[in-house]
There are 2 protein chains.
Amino acid sequence: MDQFRTQPNQSSGAKRAGRHIYDLLRSQIADGTLAAGAQVPSTRDLAADLGVSRTTVTSAYEQLAAEGFLATSVGRVARVASPLAAPAWPDAKPKRRSRTAPTLSDFGRRVAAIEMPGLASAEPCRIDFVYGAVASRDFPALAWRRAYQAELLRHQRSLYYLAPEGDASLRRSLQGYLRRARGLACDTEQILVVHGSQQAIDLCARLLLNPGDAFVFEEPGYLMARRCFEATGAEGLAIPVDAQGLDTAMLPNDDRTRLAYVTPSHQFPLGGVLPIGRRMELLRWARTHRAWVIEDDYDGEFRYGQRPIDALQSIDTDGRVIYVGTFSKALSPQLRLGYLVLPPELVPVFRQAKRLADRHAHVLEQRVLASLIDSGTYERHVRRTRREHERRRAALLDAMARHLPASATVTGTAAGLHVVLWLPFLQPQDEPALVAAVRSNGVGVYAVSPLFAKPQSRTQPRPAGLILGYASLTVEEIDEGMRVLGAVIAERVVKPSVRR
Amino acid sequence: MDQFRTQPNQSSGAKRAGRHIYDLLRSQIADGTLAAGAQVPSTRDLAADLGVSRTTVTSAYEQLAAEGFLATSVGRVARVASPLAAPAWPDAKPKRRSRTAPTLSDFGRRVAAIEMPGLASAEPCRIDFVYGAVASRDFPALAWRRAYQAELLRHQRSLYYLAPEGDASLRRSLQGYLRRARGLACDTEQILVVHGSQQAIDLCARLLLNPGDAFVFEEPGYLMARRCFEATGAEGLAIPVDAQGLDTAMLPNDDRTRLAYVTPSHQFPLGGVLPIGRRMELLRWARTHRAWVIEDDYDGEFRYGQRPIDALQSIDTDGRVIYVGTFSKALSPQLRLGYLVLPPELVPVFRQAKRLADRHAHVLEQRVLASLIDSGTYERHVRRTRREHERRRAALLDAMARHLPASATVTGTAAGLHVVLWLPFLQPQDEPALVAAVRSNGVGVYAVSPLFAKPQSRTQPRPAGLILGYASLTVEEIDEGMRVLGAVIAERVVKPSVRR
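Just so it is clear, the structure is predicted and the values come from calculations on it, not from any experiment.

Rules of the game
- Per chain, residue numbering runs from 1 following the sequence as it is written.
- To label them, take the chains in the order written and letter them from A, then take the ligands in the order written and number them from 1.
- Per-residue local features of the predicted model are confined to residues with pLDDT of at least 70, and side-chain atom pairs are confined, for both listing and counting, to 80 or more; whole-chain, interface and lining totals are unaffected and use all residues.
- The basis for the side-chain values is all heavy atoms of the structure; hydrogens and waters are excluded.
- Numbering of helices and strands runs from the N terminus, with a helix taken as a DSSP run of H or I at least four residues long and a strand as a DSSP run of E at least two residues long.
- Only protein chains enter the accessibility calculation, which uses a 1.4 Å probe; a residue is then buried when its area is under 20% of its type maximum, exposed when over 50%, and partly exposed in between.
- Whether two residues are in contact is decided by their heavy atoms, any of which lying within 4.5 Å being enough.
- Using the Shrake-Rupley algorithm and a 1.4 Å probe, accessible areas are obtained, with residue cover drawn only from the displayed protein chains.
- The copies are overlaid by a least-squares fit using only the C-alpha atoms of residues whose pLDDT is at least 70 in both copies.
- We define a salt bridge as a side-chain nitrogen of Lys or Arg found within 4 Å of a carboxyl oxygen belonging to Asp or Glu.
- Under the rule applied, a polar contact is a pair of N or O atoms within 3.5 Å (in protein, one hydrogen donor and one hydrogen acceptor; residues adjacent in sequence only if both atoms are side-chain atoms).
- Each residue is assigned to one class: nonpolar for Ala, Val, Leu, Ile, Met, Phe, Trp, Tyr, Cys and Pro, charged for Asp, Glu, Lys and Arg, and polar for all the others, Gly among them.
- Two strands make a pair as long as DSSP finds a minimum of two bridges between them.
- Between N-to-C directions, angles span 0 to 180 degrees; the directions come from axes that are lines fitted to C-alpha atoms, helices contributing only their stretch in contact.
- Under this scheme an angle from 65 to 115 degrees is roughly perpendicular, one under 35 degrees roughly parallel, and one over 145 degrees roughly antiparallel; angles in between are oblique.
- Counted charges follow a simple rule, with Lys and Arg positive, Asp and Glu negative, and His plus the chain ends left uncounted.
- The handedness rule is simple: strands pointing away from the viewer, and a clockwise path from the first strand over the helix to the second, make the crossover right-handed.
- Pairing of aromatic rings covers Phe, Tyr and Trp, the last counted by its six-membered ring, and requires centre-to-centre distances within 6.5 Å; plane angles under 30 degrees mean stacked, over 60 mean edge-to-face, and any other angle means tilted.
- Two thresholds decide whether a charge sits over a ring: the Lys NZ or Arg CZ must be within 6 Å of the ring centre and within 35 degrees of the ring normal.
- The definition of a nonpolar core used throughout is a set of buried Ala, Val, Leu, Ile, Met, Phe, Trp, Tyr and Cys residues joined through side-chain atoms within 4.5 Å.

Notes on the overall build of chain A
At step 1: Along its length, chain A carries 14 helices and 18 strands.
At step 2: Looking at chain A residue by residue over its 500 residues, the buried ones come to 60%.
At step 3: In chain A, once contacts between residues fewer than 6 apart in sequence are set aside, the share between residues at least 24 apart is 73%.
At step 4: For chain A, the accessible surface area stands at approximately 19,700 Å², while carbon and sulfur atoms represent 52% of it.

Next up, the structure:
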């Protein structure tokens, strides 16, 4: 602590005394005891009065003068500066809120009005099937630590801002990785490193959508992206997905729709893989209407059985597809590192926007990632965690078969880190009560309905559904979680169709 | 490399063979050799033809089916899926650029049109007075590494997103730090951790400004903030600064002006400290017009002689001041960590906007910062670097006195990590040539004119100026840099008023 350490030029006692004089005079100026224009005691007098050195007083006066409370000139006694503005000094008063709503921009008002799902609650559950969480024991902490230390000690002439596109070594490493793992050939120049895929989506929203435009969105789909596009003031067109992903036959035939947000490798949340015919139709649509396609490849690495599907951008000859990748699933969502692969004509404006938004992504961990990709550690890690996730997925399907009613069905099991569980004996409006009952038993499960933009239609009714992420759980936790879910269902749903 | 490692279930030879079959069929489908609806060879036949196992062929067919190239059903020979869209397969074609400008939002078009200063050039100078760089040898690498390692090993149940406001421990640490160092009392709830002060400014711009609004800006002032506000489509009102900072008497008397961006602790770039009278006037203006004041405290820690001036927000009773802090100057601009202290009524909308923008700031380094602040390491580091910067500043002033013409003057020396050098024997339009000549001698100096919004006025002419950052340099480099600058000036400016 500072006050126990003496300094060569000023003792800690003198420092305290100086601060005391400063505070005293400032409060006397504030409450009017010392009015504007009034002389303050000479440094000599005040030093004698208080039994401190004259230097201590002088230093307090200089501080007050620097802040504009005192007017001083050489050889003259200091005076309280004028004009002082406020009738009473505000320091002691509590801050009060304005009585009316704050004045915000149109964007601000839209953001304030947006409903977003709560984050995982402050009280964590014993077993949480929250989608997006990954296991901390999967994180390659040792390799990461070593690489971080090496980067920290690497000589740099000075620490300065990077160019907005991000660290050159990471973009080179990503270029090779994308070719090997995602069949995607691009220039390093097309890669823009960002603070997670959410920032990638936000940059697209800002740069490509005006209020009054329309955008195509998967129904159901990824809520945080939908909200981000909606916040621009554009209108979302919910296009249904089936087992093969987005139904491209329903794409709107107009030029008002400026972009389509899709998850072709593994539709979120239903898990379909967009077949080649629909991929071509989507690209043709984008070409015809000069619209953009945002390909969110949020978990493209995690496909079981077959090797991962090549990225949509790899067959885009017209430069309409913006590819979004992330390290949130393979490493950690807390890293906040992701990237865009941009059509060449969008590179300059995205770089400029990234620079205005936050200069560039944080540097050390970009370099750590680059070194882990270059050494092969990253891809070994992805293969290892893919096997882990495959075990977890098998455990989940097995536990569902044992603990849940036979009529429950599962979709989206071929890839990714989550499944959707349909409960045909319940209605969507039963979801909140079911989720709450399961949570009261220490298990977190999540309703699927918030991922639909449109409320339940009468003609196409759907059952209640849950989205279950399993990437952070052990096989034992997965089994126990499904046991609890099964017990809650059995307790609440007394129907002949339910076994147990 | 993958192909040198055998796997239990499939040999690397089989993998290569499988990939070969996949590529072959895909290209035959693409070029029409295999038309839509055509049968492909049975797995048995093709396996026999190629001398590979049937499993290898089956696995390639399954991949093609998963991607929508083949239609398969149990017990039947696979066929090429229809409809296939493109007349020719696009894989091999190079991407081509569109012939017209890309379709962008209004914001995108404004961003694309913005002129921004270049970043430090790819060819670094021998001695670079670039403002914003700090010395890498000042960075507390040992303490940082230890704290990072401890955070990396700390047990977490799982890795999931944080709440948008940032790590709770860092916000607690900052609350104490701000009270001790900046005289600023706030709730932890008011603190929002962001990716550097640039993101703080960008969030303010998005949430508080509409196209057609106006904002007050210091003339000269911080260009990256001005550009960010301009990108919203709002109009900047350039209010002149003098030796005491913003001339608050010139604040506009209208409600169209929604915010004022100020640097009251140390005006950027001229260095004035806003006196208490002007502070109160600025706050009164904001109250009257329900406008916001953004206080960018970019280097408030680095004040020499006196202790740092308390933050403007500390005397704001109306909740109009948004305080912006950063770790870029005290630690590193590459960390991309800063924070806002928000008026309570703005807290919800800023949190929501941060979540949509990029979820939250990266986590590990937030926790490292918290632990360094809590242990006192951070403030010891700030004091130590403040002494270092004071030595550098003294060396700079000394070198200027020795190497530059006597008529050159310096402003902004009481605080911060840069000074402005005025060269009254040169015109602003001479700045680029001077900068280039000095750079050709390996020394980076920077023209001050780009920080002015308004071109030179005939009635109030100003001389040429340079902004010189010294935080990353040694005293020897500083001396050598000024020697070079002096020599270039002596060579180019042959005037009676110039000594040497």
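Quick word on the environment of Cys 228 of chain A
At step 1: With respect to the secondary-structure elements, Cys 228 of chain A resides in helix H8 (residues 223-230).
At step 2: The exposure class assigned to Cys 228 of chain A is buried, which follows from its relative accessible area of 2%.
At step 3: With residues up to four places along the chain from it excluded, the contact list for Cys 228 of chain A reads Gln 198, Ile 201, Asp 202 and Ala 205 of chain A together with Leu 356 of chain B.

Section: the relation of the copies chain A and chain B
At step 1: Least-squares fitting of chain A to chain B yields an RMSD of 0.2 Å, with the superposition described by an axial translation of 0.1 Å and a rotation of 180°. Expressed as an axis order, the relation between the two copies is that of a two-fold axis.

Some thoughts on the interface of chain A and chain B
At step 1: Every contact between the two is made by 135 residues of chain A and, on the other side, 136 residues of chain B.
At step 2: The tally of links from chain A across to chain B stands at three salt bridges.
At step 3: For Asp 202 of chain B, the salt bridge is made with Arg 206 of chain A, and the minimal N-O distance between the two is 2.8 Å.
At step 4: On the surface where chain A and chain B come into contact, there are 48 residue pairs in polar contact (both at pLDDT 80 or more).
At step 5: For the side of chain A that touches chain B, a count of residues per class yields 68 nonpolar, 30 polar and 37 charged.
At step 6: Bridge analysis of strand E4 (residues 134-135) of chain A against strand E5 (residues 158-159) of chain B gives two bridges, and the strand direction is antiparallel. Looking across to E5 of chain B, one finds that Ala 135 of chain A is bridged to Ser 158 of chain B.

Here's the deal with the sheet that holds strand E13 (residues 338-341) of chain A
The strands making up a sheet are joined through hydrogen bonds of the backbone, oriented either antiparallel or parallel.
Residue and element names in this part refer to chain A.
At step 1: Spatial ordering of the open sheet is given by E6-E13-E12-E11-E10-E7-E8-E9, a layout of eight strands whose pairing is mixed. Strands at the two margins of the open sheet, each flanked by one partner only, are strand E6 (191-194) and strand E9 (245-246).
At step 2: The pairing of strand E11 (residues 292-296) with strand E12 (residues 321-326) spans four bridges and is classified as parallel. Across the sheet, the residue bridging to Val 293 is Val 321, located in E12.
At step 3: Here helix H10 (residues 347-358) sits on the sheet and contacts E6, E12 and E13; the angle it forms with E6, its principal contact strand, is near 20°.

Some remarks on the packing of helix H7 (residues 196-208) of chain A against helix H10 (residues 347-358) of chain B
At step 1: Closest axis-to-axis distance for the H7 of chain A/H10 of chain B pair is 5 Å, and the angle between their directions is 95°. Put simply, H7 of chain A runs roughly perpendicular to H10 of chain B. Packed against H7 of chain A, whose contacting residues are Gln 198, Gln 199 and Asp 202 of chain A, the element H10 of chain B presents Arg 355, Leu 356, Ala 357 and Asp 358 of chain B at the interface.
At step 2: Its residues assigned to classes, the contact of H7 of chain A with H10 of chain B comprises two nonpolar, two polar and three charged.

A look at the side chain of Glu 218 of chain A
Residue and element names in this part refer to chain A.
At step 1: In this structure, Glu 218 sits in strand E7 (residues 214-219).
At step 2: Among buried Asp, Glu, Lys and Arg side chains, Glu 218 stands out as unpaired, with Arg 278 the closest opposite charge at 9.0 Å.
At step 3: A polar atom in the side chain of Glu 218 sits 3.0 Å from the side chain of Gln 267.
At step 4: Setting aside residues up to four positions removed in sequence, Glu 218 forms contacts with Ile 239, Val 241, Leu 246, Tyr 261, Val 262, Thr 263, Gln 267 and Phe 268.

Digging into the sheet that holds strand E9 (residues 245-246) of chain B
Residue and element names in this part refer to chain B.
At step 1: The strand order across the open sheet formed by eight strands is E6-E13-E12-E11-E10-E7-E8-E9, and the pairing between neighbours is mixed. In the strand order of this sheet, the two ends are held by strand E6 (191-194) and E9, each with one partner.
At step 2: In the packing of helix H7 (residues 196-208) onto the sheet, contacts are made with E6, strand E10 (257-262), strand E11 (292-296), strand E12 (321-326) and strand E13 (338-341), and the angle to E12 comes to roughly 155°.
At step 3: Lying over the sheet, H10 contacts E6, E12 and E13, oriented at roughly 20° with respect to E6.

Quick look at the environment of Glu 219 of chain A
Residue and element names in this part refer to chain A.
At step 1: Looking at the secondary structure, you find Glu 219 in strand E7.
At step 2: Along the sequence, Glu 219 and Leu 451 sit 232 residues apart, while their C-alpha atoms lie 7.5 Å from each other.
At step 3: Leaving out residues up to four positions away in the same chain, Glu 219 has contacts with Ala 238, Ile 239, Pro 240, Val 241, Leu 451, Phe 452, Ala 453 and Lys 454.
At step 4: From its side chain, Glu 219 meets the backbone nitrogen of Ala 453 in a polar contact 2.6 Å long.

Brief notes about the pattern of salt bridges
At step 1: Per the counting criterion, the structure on display carries 47 salt bridges over all chains.
At step 2: Note that Asp 242 of chain A and Arg 278 of chain A form a salt bridge whose closest N and O atoms lie 2.6 Å from each other. Of this pair, Asp 242 of chain A sits in strand E8 (residues 235-242) while Arg 278 of chain A sits in helix H9 (residues 276-289), and the two are 36 residues apart along the sequence.
At step 3: According to the relative accessible area criterion, Asp 242 of chain A is partly exposed, its value standing at 32%.
At step 4: Of the residues examined, Arg 278 of chain A reaches a relative accessible area of 13% and is grouped as buried.
At step 5: With a closest N to O distance of 3.1 Å, Glu 480 of chain B and Arg 483 of chain B form a salt bridge.

Some thoughts on the environment of Pro 343 of chain A
Residue and element names in this part refer to chain A.
At step 1: Note that Pro 343 resides in the loop between E13 and H10.
At step 2: Along the sequence, Pro 343 and Glu 62 sit 281 residues apart, while their C-alpha atoms lie 58 Å from each other.
At step 3: Ignoring any residue separated from it by four or fewer positions in sequence, one finds Pro 343 in contact with Gln 190, Trp 292, Gln 313, Gly 319, Arg 320, Val 321 and Ile 322.

Describing the pairing of E7 of chain A
Looking along a regular strand, one sees side chains alternate from face to face of the sheet.
Residues and elements named next belong to chain A.
At step 1: Where burial is concerned, most of E7 is hidden: six out of the six residues are buried.
At step 2: Judged by which residues are buried, E7 turns out to be covered on both faces: Ala 214, Val 216 and Glu 218 on one side and Phe 215, Phe 217 and Glu 219 on the other are all buried.
At step 3: Bridge analysis of E7 against E8 gives six bridges, and the strand direction is parallel. Residue Glu 219 lies in a different strand from E8, and its bridge partner there is Pro 240.
At step 4: Regarding topology, H8 serves as the crossover connection from E7 to the parallel E8, and that connection is right-handed.
At step 5: Alignment of E7 against strand E10 (residues 257-262), held across four bridges, turns out to be parallel. Across the sheet, residue Phe 215 finds its bridge partner in E10, namely Leu 259.

Quick look at the packing of aromatic side chains
At step 1: Taken as a whole, this structure holds 27 aromatic pairs over all chains when the rule is applied.
At step 2: Note on Phe 327 of chain A and Tyr 339 of chain A: the rings are 5.6 Å apart at their centroids and 55° apart in plane angle, and the pair reads as tilted. A residue pair is termed long-range when its members are at least 10 positions apart, and Phe 327 of chain A in the loop between E12 and E13 and Tyr 339 of chain A in strand E13 qualify at twelve residues. The same class applies to Phe 327 of chain A as to Tyr 339 of chain A, namely buried.
At step 3: Between Phe 327 of chain B and Tyr 378 of chain B, the ring centres sit 5.6 Å apart and the planes meet at 75°, which makes this aromatic pair edge-to-face. Here the residue Phe 327 of chain B occupies a position in the loop between E12 and E13, and Tyr 378 of chain B occupies one in helix H12 (residues 377-403), the gap between them amounting to 51 residues.
At step 4: Since its relative accessible area comes to 2%, Tyr 378 of chain B is described here as buried.
At step 5: Through pairs of rings, three or more aromatic residues link up here, namely Tyr 177, Tyr 323, Phe 327, Tyr 339 and Tyr 378 of chain A.
At step 6: Just above the ring of Trp 292 of chain A sits the side chain of Arg 320 of chain A; from NZ or CZ to the centre is 4.0 Å.
At step 7: Over the face of the ring belonging to Tyr 161 of chain B we find Arg 359 of chain B, whose NZ or CZ atom lies 3.7 Å from the ring centre.

Let's talk about the nonpolar core
At step 1: The biggest cluster of nonpolar side chains holds 136 residues, and the ones touching the most others in it are Phe 129, Trp 144 and Phe 327 of chain A together with Phe 129, Trp 144 and Phe 327 of chain B.
At step 2: Setting aside chain neighbours within four positions, we find Phe 327 of chain B in contact with Leu 174, Ser 332, Leu 335, Leu 337, Tyr 339, Leu 369, Ile 373 and Tyr 378 of chain B.

Considerations on helix H8 (residues 223-230) of chain B
At step 1: For H8 of chain B, the buried fraction is high: seven of the eight residues fall into the buried class.
At step 2: Restricting attention to buried positions, one finds in H8 of chain B the residues Leu 223, Met 224, Ala 225, Arg 226, Arg 227, Cys 228 and Phe 229 of chain B.
At step 3: Contacts from the buried residues of H8 of chain B go to H10 of chain A together with H7, strand E7 (214-219), E10 and E11 of chain B.

Here's the deal with the pairing of E11 of chain B
Residues and elements named next belong to chain B.
At step 1: Here E11 lies mainly inside the structure; five of its five residues are buried.
At step 2: Burial of E11 is two-sided: the residues Trp 292, Ile 294 and Asp 296 facing one way and the residues Val 293 and Glu 295 facing the other way are all buried.
At step 3: Here four bridges tie E10 to E11, and the two strands are oriented parallel to one another. Pairing of Ala 260 across the sheet is with Val 293, part of E11.
At step 4: Handedness of the crossover is the feature at issue here: the chain leaves E10, passes through helix H9 (residues 276-289), returns alongside E11, and the resulting connection is right-handed.

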